[in-house]
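# Working through the structure, step by step
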Amino acid sequence: MEEIQNPQNGCHCHKTKERSDKEYRDLINRLNRIEGQIRGIRGMVERDVYCPEILVQVAAANAALNSFNKVLLANHIRTCVTRDIREGKEETIDELVDTLQKLMK
């Protein structure tokens, strides 16, 4: 993870993370499948498919997004959070707690 410094005010307000090729490909493949599911749902609406059939597909897309979140969160904890804790950056714990609280709404 890298913090990008804003040249105007010196703020470290935008962070990035370099991912391994494997992690990147896995995340992109998951997102591509989810995107396909969403396009499929749109097509179902456009074709006036019966509501319960659409709802089942929406539930599947939600499950896929939740799975994506779990993988991304696990990768984040294993890499960024672990590194920051080892470097004594305790504020990362607060950031993680805040993120988890947002995810559990």
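Structure first, text after, so check above.
Conventions adopted
- Residues numbered from 1 in each chain as written.
- Predicted model: local features only at pLDDT ≥ 70, side-chain atom pairs only at ≥ 80, totals over all residues.
- Heavy atoms only, no water.
- Helix = DSSP H or I, 4+ residues; strand = E, 2+ residues; numbered from the N terminus.
- Expected span 1.5 Å × (residues − 1).
- Bend = angle between axes of the 7 residues up to and from the residue.
- Contact = heavy atoms within 4.5 Å.
- Salt bridge = Lys/Arg side-chain N within 4 Å of Asp/Glu carboxyl O.

## Details of helix α2 (residues 51-86)
Its 36 residues give α2 an end-to-end C-alpha distance of 51 Å, which sits within 8% of 52 Å, the value for a rise of 1.5 Å per residue. For α2, the principal kink sits at Ile77 and spans about 35 degrees. If you follow the buried residues of α2, they end up packed against α1 (21-46) and α3 (91-103). A positive phi of about 80 degrees marks Gly88, the residue just after α2.

## Examining the side chain of Glu23
Its location among the elements puts Glu23 in helix α1. Beyond its immediate chain neighbours, meaning those up to four positions away, Glu23 contacts Lys17 and Asn75.

## A few points about the pattern of salt bridges
This structure, assessed with the given rule, holds nine salt bridges. Between Glu35 and Arg39 there is a salt bridge, and its shortest N-O distance comes to 3.4 Å. Highlighted residues: Glu35 and Arg39, both in helix α1, separated by four residues, approximately one helical turn. A single salt-bridge network, built from bridges that share partners, covers Arg83, Asp84, Glu87 and Lys89.

Keep in mind that these numbers describe shape and distance, not what the molecule does.
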